[in-house]
Amino acid sequence: MEIATCSRMVLCALRQQVLRCSSHCRTWARLLQRQRSSCVYSSIHGFNQDEIREKLQAFHGGSIDLLKQDSGIAVLTINNPSRMNAFSGSMMIDLEERVSQLENWPEGKGLIVQGAAETFCSGSDLNAVRAISNQQDGMKMCMFMQNALTRLLRLPLISVALVEGRALGGGAELTTACDFRLMEAGSVIQFVHKHMGLVPGWGGAARLVHLVGSQNALKLLGGAVKVDPELGVNIGLVDGVLEGHQKTEGAAPLLQQAENWLSRYTKGPAPVIQAVKKVVLSGRELPLSEALRTEKDIFGMVWGAPANLEALASKSKHK
Ligand SMILES: CCCC(=O)SCCNC(=O)CCNC(=O)[C@H](O)C(C)(C)COP(=O)(O)OP(=O)(O)OC[C@H]1O[C@@H](n2cnc3c(N)ncnc32)[C@H](O)[C@@H]1OP(=O)(O)O
């Protein structure tokens, strides 16, 4: 082949590669933009993030701890044991910051949300609740937490709430902001809001209806029903029951059991696992036509990408 022809071909291939890269970049930018706009409330809804952050900061105690592991599975721990892991104001801010860190984790594939010291979370800290019991502050806190939990659910990671002990009130709502829920034998999820003269405000009711249907949601909220693992599995709220390691001899630690459970869904390259979550998320949240267009965009990002080319080269059989 002539040198001129050969270099023309190389140039052509390079140009195609550049076009392909810039198209990928545009797709990424569009998806990232969508991800950033995954907040429900912004200034157009009269929401002032800085103002409510300042207010929440005054109610301190506890922390939300994030451990990113080499396996691509992170562990988020609600840590306020002296108050049964109730959410102080500063923990709400922590949560939002941890979610931001997870949004920017290219190697991430999975997330386990757990409580410290053998219980999940007893909802919002009643001391903070009393201090901001006026209408305006309550609305601001509600919008802040809806934003944070919506972003948590929309992370491009497959997430699971590991419920040990009790998940009450806002704690029960938090479990619905994960893709899956695992319960330890003997644990309880309870939307106690009615007993507090409330309804869920962190987005828990809307998500619950999606998870278990409106009939079951009405029963759980209207009756403030204690959901044990058996009931949880029966109504489709709970995806697996773990052996209590302290009660069952030889059982692995709960976190280990949860990691094993999750790892069957997170096995594989991060871009592929993230793409899986994104297509399901768009199917779950968007009208069909928009979901289909988003699926096309995400498909375009994995098609011809390294994992796809490797799989094609290996001539794998799916037996
Ligand atoms: C939109 C959000 C709506 C909401 O989340 S509203 C809040 C809903 N949650 C609640 O009402 C939970 C109230 N707490 C309880 O029912 C019980 O404390 C609970 C969790 C069943 C545990 O009972 P016990 O095992 O008997 O332990 P205990 O009552 O002695 O609690 C140990 C210490 O933890 C504290 N605690 C538990 N839940 C809390 C909360 N949400 N806010 C603030 N403090 C809370 C409790 O006051 C106690 O503290 P202390 O030892 O008396 O200083």
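Note that the structure is a prediction, hence the values are computed from the model and not measured. (Residues numbered from 1 in each chain as written. Predicted model: local features only at pLDDT ≥ 70, side-chain atom pairs only at ≥ 80, totals over all residues. Heavy atoms only, no water.)

According to the domain assignment, the protein chain consists of domain 1 (43-266) and domain 2 (268-319). The C-alpha-based centres of domain 1 and domain 2 are spaced at 28 Å. Counting residues at the interface gives 14 residues for domain 1, matched by ten residues for domain 2. Summing both sides of the interface, domain 1 and domain 2 together bury roughly 970 Å²; the carbon and sulfur share of this comes to 51%. Of all residues in domain 1, Lys109, Arg154 and Pro156 bury the most surface against domain 2, accounting for 46% of the area lost on that side. At the junction of domain 1 and domain 2, the tally comes to three salt bridges. (Domains from an automatic or database assignment. Contact = heavy atoms within 4.5 Å. Buried area = accessible area lost by both parts, 1.4 Å probe. Salt bridge = Lys/Arg side-chain N within 4 Å of Asp/Glu carboxyl O.)

So, about helix H10 (residues 270-285). Compared with the 22 Å implied by 1.5 Å per residue over 16 residues, the 22 Å span of H10 between its first and last C-alpha is a close match. Taken together, the buried positions of H10 are Ala270, Ile273, Gln274, Ala275, Lys277, Lys278, Leu281 and Ser282. (Helix = DSSP H or I, 4+ residues; strand = E, 2+ residues; numbered from the N terminus. Expected span 1.5 Å × (residues − 1). Buried < 20%, exposed > 50% of the residue type's maximum accessible area, 1.4 Å probe, protein only.)

For the largest pocket, the calculated volume is near 690 Å³. Together, 29 residues line the largest pocket, and Ser124, Leu126, Val129, Met141 and Leu198 are the ones closest to its centre. Elements supplying a minimum of two residues to the lining of the largest pocket: helix H4 (126-131), helix H5 (135-153) and helix H6 (170-175). The class makeup of the residues in the lining of the largest pocket is 14 nonpolar, twelve polar and three charged. (1 Å grid on protein atoms, 1.4 Å probe; cavity = no way out; pocket = protein on both sides within 12 Å on 5 of 7 lines; lining within 4 Å. Points joined across faces, edges and corners; volume = space filled by probe spheres on them. Nonpolar A, V, L, I, M, F, W, Y, C, P; charged D, E, K, R; others polar.)

Moving on to the nonpolar core. Membership of the largest hydrophobic core comes to 48 residues, with the highest contact counts inside it found for Phe87 and Ile189. When contributions to this core are tallied by element, the ones reaching two or more residues are helix H2 (49-57), strand S2 (73-79), helix H3 (89-103), strand S3 (110-115), H5, strand S4 (158-163), H6 and helix H7 (204-222). Broken down by element, this core gets its largest block of residues, seven residues, from H5. Those residues in contact with Phe87 that lie beyond four places of it in its chain are Ile64, Ile78, Met92, Leu95, Cys121, Gly123, Ser124, Asp125, Met145, Leu174 and Trp202. Residues Val160, Leu182, Trp261 and Ile273 belong to the second largest nonpolar core, which totals twelve residues. (Core = buried A, V, L, I, M, F, W, Y, C linked by side-chain atoms within 4.5 Å.)

It is worth spelling out helix H11 (residues 288-302) at this point. With 15 residues, H11 extends 21 Å between its outermost C-alpha atoms, agreeing within 8% with the 21 Å of an ideal straight helix rising 1.5 Å per residue. Those residues of H11 that fall on the buried side of the exposure criterion are Ala291, Thr294, Asp297, Ile298 and Met301. Across the axial projection of H11, the buried residues extend over an arc of 120 degrees, all falling on one side. Pointing more than 90 degrees away from the buried face of H11 are the exposed residues Leu288, Arg293 and Lys296. Once H11 finishes, Gly304 follows within two positions and takes phi at roughly 75 degrees, a positive value. (Arc of directions from axis to C-beta.)

Moving on to the site of the ligand. Around the ligand, a shell composed of 18 residues is seen, among which Ser82, Ser122, Ser124, Leu126 and Gly170 lie nearest. Contact distances for the ligand include 3.2 Å between an oxygen atom and a backbone N or O atom of Ser82. Bound to the protein, the ligand loses 59% of the 960 Å² it would expose on its own. Put simply, the parts of the chain that give the shell around the ligand at least two residues each are strand S5 (166-168) and H6. For the shell around the ligand, a count of residues per class yields seven nonpolar, seven polar and four charged. (Near = heavy atom within 4 Å. Polar contact = N/O pair within 3.5 Å; in protein donor to acceptor, adjacent residues only side chain to side chain. Areas by Shrake-Rupley, 256 points an atom, 1.4 Å probe, with all protein chains shown as cover.)

As for its placement among the helices and strands, Asp228 is situated in the loop between strand S8 (226-227) and helix H8 (229-235). Separated by 38 residues in sequence, Asp228 and Gln190 place their C-alpha atoms 8.8 Å apart. Those residues within four positions of Asp228 in sequence are excluded, and the remaining contacts are Met183 and Ser187.

Applying the stated criterion across every chain yields a total of five aromatic pairs. A ring pair is formed by Phe87 and Trp202, whose centres lie 5.6 Å apart and whose planes are at 80 degrees; its orientation type is edge-to-face. Here Trp202 lies in the loop between strand S7 (188-190) and H7 and Phe87 lies in the loop between S2 and H3, a separation of 115 residues in the sequence. As far as the burial class goes, Phe87 and Trp202 line up, both buried. One aromatic cluster is present, formed by Phe180, Trp261 and Tyr265 through successive ring pairs. (Phe/Tyr/Trp six-rings, centres within 6.5 Å; stacked < 30°, edge-to-face > 60°.)

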